[in-house]
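Chain by chain, the residues:
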Amino acid sequence: MGPIYKYAVVVLLLVVVFSLAQALYYMMTDKNDDRRMAWALTRRIALSLLLIGMVVFGIWMGWLQPHDVGQ
């Protein structure tokens with residue numbers, strides 16, 4: 001389950017970055033209507049919360065191992 005879970009986390013991270021880029025594109029092109037940009041940013045926040053939850057759950061289950069930086 002570990003490698004599949006890691007790939008799912010990476011794919012979700014890429015989707016979050018794509019949603020952020022999509023919001024930037026909408027901000028630059030839609031001058032009078034900000035609804036698409038707001039929806040893309042809302043989706044990014046929801047996906048980011050899901051990503052954080054997946055990382056915490058993966059660490060709790062032992063599928064992800066945090067690194068000891070600086071030791």
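What you see is a predicted model, and the numbers here were worked out from it, not measured in a lab.

**Student:** Could you clarify how one ought to interpret a nonpolar patch on the surface in this entry?
**Tutor:** A cluster of nonpolar side chains, contributed by Ile45, Leu49, Ile52 and Val56, occupies part of the molecular surface with about 400 Å² of accessible area. Along the chain, Ile52 turns up in helix H2 (residues 35-61). In this structure Ile52 comes out as exposed when scored by relative accessible area, which is 52%.

**Student:** Please clarify how the UniProt feature "transmembrane region" (unreviewed entry) in the protein should be interpreted in this entry.
**Tutor:** Summarizing the sequence annotation, UniProt attributes the feature "transmembrane region" (unreviewed entry) to residues 6-25 and 45-63 in the numbering used throughout. Taken end to end, residues 6-25 is 100% helix and 0% strand, and its two terminal C-alpha atoms sit 29 Å from one another. Here residues 45-63 is 89% helix and 0% strand, with 24 Å between the C-alpha atoms at its ends.

**Student:** Is there a simple way to explain the packing of helix H1 (residues 2-29) against H2 in this structure?
**Tutor:** How two helices sit against one another is set out by the angle between their axes and by the gap between those axes. Running from N to C, H1 and H2 point in directions that differ by 160 degrees, and their axes come no closer than 9 Å. Classified by the interaxial angle, the pair formed by H1 and H2 is roughly antiparallel. Considering only the axes of H1 and H2, their crossing is left-handed. Class assignment for the residues of the contact of H1 with H2 results in 20 nonpolar, four polar and three charged.

Rules behind the numbers
Note on numbering: residues in each chain are counted from 1, in written sequence order. Per-residue local features of the predicted model are confined to residues with pLDDT of at least 70, and side-chain atom pairs are confined, for both listing and counting, to 80 or more; whole-chain, interface and lining totals are unaffected and use all residues. Side-chain descriptors were evaluated using all non-hydrogen atoms of the structure, hydrogens and water having been removed beforehand. Only residues whose relative accessible area exceeds 30% and that form no salt bridge enter a patch; like-charged residues are grouped when within 9 Å of one another, and nonpolar side chains (Val, Leu, Ile, Met, Phe, Trp, Tyr) when within 5 Å. The accessible surface values rely on the Shrake-Rupley method and a 1.4 Å probe; as for residues, cover is taken only from the protein chains in view. When a carboxyl oxygen of Asp or Glu is within 4 Å of a side-chain nitrogen of Lys or Arg, the pair counts as a salt bridge. Counting from the N terminus, the helices are DSSP H or I runs at least four residues long and the strands are E runs at least two residues long. Relative accessibility under 20% of the residue-type maximum defines a buried residue, over 50% an exposed one, and the middle range a partly exposed one, all with a 1.4 Å probe and only protein chains included. UniProt positions are given in the numbering used here, feature names are shortened, and annotations may be inferred rather than shown by experiment. Between the N-to-C directions of two axes lies an angle of 0 to 180 degrees, each axis being a line fitted to C-alpha atoms and, for a helix, fitted only over the stretch in contact. Angle categories are assigned with fixed cut-offs, so that under 35 degrees is roughly parallel, over 145 is roughly antiparallel, 65 to 115 is roughly perpendicular, and the rest are oblique. In this scheme the crossing of two helices becomes right-handed for a clockwise turn of the near helix relative to the far one and left-handed for an anticlockwise turn of less than a right angle. Residues were grouped as follows: Ala, Val, Leu, Ile, Met, Phe, Trp, Tyr, Cys and Pro as nonpolar; Asp, Glu, Lys and Arg as charged; and all remaining residues, including Gly, as polar.

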